[in-house]
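# Tertiary structure, described
Each chain, letter by letter, is given below.
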Amino acid sequence: MALLGLALWCGALAGLLEVAAVVVHKRFLDTNKLLNMSRHFIWLVPLTDLLIFLLVGLAGSAALLLKRSGGRWVTVRVLGALTLLPALLVVFPQIYGLAWLLVALGISARVVPILERHGAGVRRVTVGSAPILALTVAALAAVPWAADRMAQARERARPIPAGSPNVLLIVMDTVAADHLDLYGYARPTSPAIDEIARRGSRFDAAQPTSSWTLASHASMFTGRWPHDLSVGWHTPLDDAEPTVAEFLRRHGYATAGFIANTTYCAADSGLGRGFTVYRDFQFAELSPFRMAVMVRRSLEGLQVFAETIGDTLDLGWLKSGATRVVERFESDRKEAAAVNRELLDWLANRPQPERPFFAFLNYFDAHSPYQLGPRRVHRFGVKPTEEREYRLIRDWWDLDKTRVAPRDLAFALDAYDDCVASIDEQVGKLFDDLGRRGILEHTWVILLSDHGESFGEHTGVYLHGSSLYQTELHVPLIVVPPAGTRVRPLVAETVSLRNIAATIADIAGPGADSQFPGNSLARLWAPSSPEPGNTGVGEGALAELVPNETLGSPPADPSRRPTPLAALAEEGWSYIRREGDRHEELYHLRDDPKEQNNVAASAEDRPRLERMRQAVSRMTGGPLTTDRFNP
Ligand SMILES: [Zn+2]
């Protein structure tokens, strides 16, 4: 039993050291400031380490029971090494795990005999400190819980605004407008959204401020262009600019976010600021254990081992077996149906149903890998059956797409359309549910996407966050008003989604003092609004991007190294320029919606080019440079 107690003591210490190492590493050493973990890691990591050490302790105790001499000797040294290992792995992630294990075993082999010579004293310290370790883990577990309770109490104490409507913002992550039949796509991918759009206003030329998640969302929440914000591929949104959720909460709204994109929308992205309730990681199957570095690194090791041995000895079962094990620890991809369920549960259990709400949903189903959930319908593609197809979908993000065969590209595109149609089905179900509960009566719903998706329409351009072409920038935007409010069915004017913050503040009521940059789009959908183009709302839709070098295969040609891009869309034209060498592209979207014919050099369109170039320079306040994105 003494051995088991020692194992648990070491486990608690290892867990707390690992948490401290994560905090220090992120704060001072790592250039990637995103945690990529749930905020509950502070207690789930020590708990996982405790379980691992319990297993080691049990194995050691079993060896003792079997009267294996030396069982205790080995176990104590292994426990000593494992106590040091997690913190080392966290602080120096670039070094092989196996190398650290050997180092830790070496240190343990030296230190344990010294400690054993002072047996009585060491026992006193471990026994004496055990309650402190246990209490610390319990206190860490209480931190997120207490923070939530306090935020809820503060929300309940605020006066309830009279007559304010609810606002529901639904972001269909990665859904390109050009893949919805609502916007003219040949496949019936959006029957439900089509139906919903008839009750509201459809914007035909809406554009995000960038072609990737965090920059796009951060602009929608603050009204600021990306170059004014702290967000980068590895940098969260800081608290320099107020968010629309903070604004509405201050005005007495209940605020809640239910998000599935845990890479760039989880609480660590900064987008959760202002939301009293924020549900990101859902902890399916064994995924909570993956936060502990020993589990994560062991799974990586297992996969490399299975791939290498499996390929060498042609053991397919080994590779697929390892993949299945790893997937049980990774199955935290939240489907749209689960996001809907979270929202509906929250609505049903609100302590003050009379308080207006601002809810934000983010669906991730159309984001690569384009994998449908087990019970979903494959409408346009076939379910991957062969290992090759399965891997094609799973590894699409990292694949060198220049080597992908046309039929594989078609397979991936079918899979994406399946995912888009699946989101459409879930949007329809959510509207049915909200309608049955009478919530749509007094709710504004804003349905949009944060960016589109490329499939090689331009040479070498795939996924998103890789270009500022319309494949990645043309997004759906539908506004459905509360019952009895008339809106213009169609808005043709080009609008930027950076206006979403000002728009939400406006329709919620207290907009006059919101001070979010940009303009409310409400003027455009008002039935009495002037003809498109004369409203003064459209300032042109600016978009900015520093391509992510880790995306796909970096160009071999050094002149095509990622450099910031700026783009402007207005009045049926799109202008794109590369800030490094000032390469420019100009497309007339009405004649050339797929942007195949660059007219930047045409004399006829020279005045337009000049005007758009100057507009971009004015809006960005000078050329965009990488350091302007990540100050
Ligand atoms: Zn996104």
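We now examine the overall build of the protein. What the protein contains, in helices and strands, is 18 helices and 14 strands. By principal-axis analysis of the C-alpha atoms, the protein measures approximately 90 × 60 × 45 Å. Residues counted as buried form 45% of the 631 residues belonging to the protein. Residue pairs in contact within the protein that sit at least 24 positions apart in sequence constitute 71% of those at least 6 positions apart.

Another point: the packing of helix α3 (residues 71-91) against helix α9 (residues 293-312). Where α3 contacts α9, the two axes come as close as 9 Å, and the packing angle between them is 70°. When the interaxial angle is binned, α3 and α9 end up roughly perpendicular. Crossing hand, α3 versus α9: left-handed. Residues Leu85, Pro86, Leu89 and Val90 of α3 form the contact with α9, whose participating residues are Val293, Met294 and Arg297. Here the residues of the contact of α3 with α9 sort into six nonpolar, no polar and one charged.

Turning our eyes to something else, we now look at helix α2 (residues 41-65). In a regular helix each residue adds 1.5 Å, so 25 residues correspond to 36 Å; α2 covers 35 Å between its end C-alpha atoms and thus fits that length. Phi turns positive one or two residues past the end of α2, at Lys67, with a value near 60°.

Let us now look at the sheet that holds strand β1 (residues 166-172). As summarised here, the arrangement of the eight strands in space is β4-β3-β5-β1-β6-β9-β2-β10, forming an open sheet in which the pairing is mixed. If you trace the sheet from one side to the other, it starts and ends with β4 (277-279) and β10 (490-496), each paired once. On average, adjacent strands in this sheet sit at an angle of 15° to one another, irrespective of strand direction. Relative to β10, strand β2 (residues 201-207) runs parallel, the two being bridged by five bridges. Looking at β10, one finds that Gln207 is bridged to Ser496. The sheet strands contacting helix α11 (residues 336-348) are β3 (254-259), β4 and β5 (357-363), and the helix crosses β5 at an angle near 165°.

On to the domain arrangement of the protein, then. Partitioning the protein into structural domains gives domain 1 (2-143), domain 2 (165-280 + 336-536), domain 3 (283-331) and domain 4 (558-629). The residue makeup of the side of domain 1 that touches domain 2, split by class, is two nonpolar, three polar and two charged.

Now for the environment of Pro236. Relative to the helices and strands, Pro236 is located in the loop between α7 (213-222) and α8 (244-250). Since 22 C-beta atoms lie within 10 Å of it, Pro236 is described here as buried. C-alpha separation for the pair Pro236 and Thr443, spaced 207 residues apart in sequence, amounts to 30 Å. Those residues in contact with Pro236 that sit more than four places away from it in its chain are Lys33, Leu34, Val231, Asp268, Ser269 and Gly270.

Regular strands place their side chains on alternate faces of the sheet. The buried count for β3 comes to six of six residues, which makes it a mostly enclosed element. Alternating residues of β3 divide into Ala254, Ala256 and Phe258 and Thr255, Gly257 and Ile259, and every residue in both groups is buried. Here β3 pairs with β5 via six bridges, running parallel. Each bridged residue has a counterpart across the sheet, and for Gly257 the counterpart in β5 is Phe360. The sheet contact formed by β3 and β4 spans three bridges and is parallel. Within β4, the residue paired with Ala256 across the bridge is Val277.

The contact between helix α1 (residues 2-29) and helix α5 (residues 119-157) brings their axes to 10 Å, and the two run at 45°. Classified by the interaxial angle, the pair formed by α1 and α5 is oblique. You can see that α1 and α5 cross each other, and the crossing is left-handed. Between α1 and α5, the residues in contact are Leu6, Trp9, Ala12, Leu13, Gly15 and Leu16 and Thr126, Ala130, Leu133, Ala134, Thr136 and Val137, respectively. Here the contact of α1 with α5 is built from residues that sort into nine nonpolar, three polar and no charged.

Okay, the pairing of β2 next. For β2, the tally of buried residues reaches six of seven residues, placing the bulk of the element in the interior. Strand direction decides the pairing type here: β2 and strand β9 (residues 475-480), joined by four bridges, are antiparallel. Bridge pairing in β9 places Phe203 opposite Leu477.

Our focus in this paragraph is the environment of Thr235. By the element assignment, Thr235 lies in the loop between α7 and α8. With 35 residues separating them along the chain, Thr235 and Gly270 place their C-alpha atoms 9.3 Å apart.

Moving on to helix α4 (residues 97-117). Over its 21 residues, α4 extends 30 Å from the first C-alpha to the last, a length consistent with the 30 Å expected when each residue adds 1.5 Å. Where α4 is concerned, the buried positions are Trp100, Ala104 and Ser108.

The next thing to look at is unusual backbone geometry. Residues apart from glycine generally show negative phi values, whereas peptide bonds are mostly found in trans. In this structure, the amide linkage connecting Ser368 to the following residue, Pro369, adopts the cis form with an omega of 0°. Assignment of secondary structure puts Pro369 in the loop between β5 and α12 (387-394). Phi angles above zero are rare outside glycine, and Asp314 is one such case at about 55°. Mapped onto the secondary structure, Asp314 falls in the loop between α9 and α10 (316-330). Positive phi is not limited to glycine here, since Arg582 has a value of about 60°.

Pairing within the open sheet is antiparallel, and its four strands lie in the order β11-β12-β13-β14. In this open sheet, the two strands that pair with only one neighbour each are β11 (541-545) and β14 (584-588). Between one strand axis and the next, the sheet turns through 15° on average, direction left out of account. For β11 and strand β12 (residues 565-570), the ladder comprises five bridges, and the chain directions are antiparallel. Within β12, the position partnered with Glu544 by the bridge is Ala566. Contacting β11, β12, β13 (573-578) and β14, helix α17 (residues 606-620) crosses the sheet at an angle of about 60° to β13.

For Arg618, the position within the fold is in helix α17. Given 10 C-beta atoms within 10 Å, Arg618 falls into the exposed group. For Arg618 and Gly572, which are 46 residues apart along the polypeptide, the C-alpha to C-alpha distance reads 20 Å.

Basis of the calculations
Residues numbered from 1 in each chain as written. Predicted model: local features only at pLDDT ≥ 70, side-chain atom pairs only at ≥ 80, totals over all residues. Helix = DSSP H or I, 4+ residues; strand = E, 2+ residues; numbered from the N terminus. Buried ≥ 20, exposed ≤ 12 C-beta atoms within 10 Å, placed from the backbone. Contact = placed C-beta atoms within 7 Å. Axes fitted to C-alpha atoms, helices over the stretch in contact; angles between N-to-C directions. Parallel < 35°, antiparallel > 145°, perpendicular 65-115°, else oblique. Left-handed = near helix turned anticlockwise from the far one by under 90°. Nonpolar A, V, L, I, M, F, W, Y, C, P; charged D, E, K, R; others polar. Expected span 1.5 Å × (residues − 1). Pairing = 2+ DSSP bridges. Domains from an automatic or database assignment.

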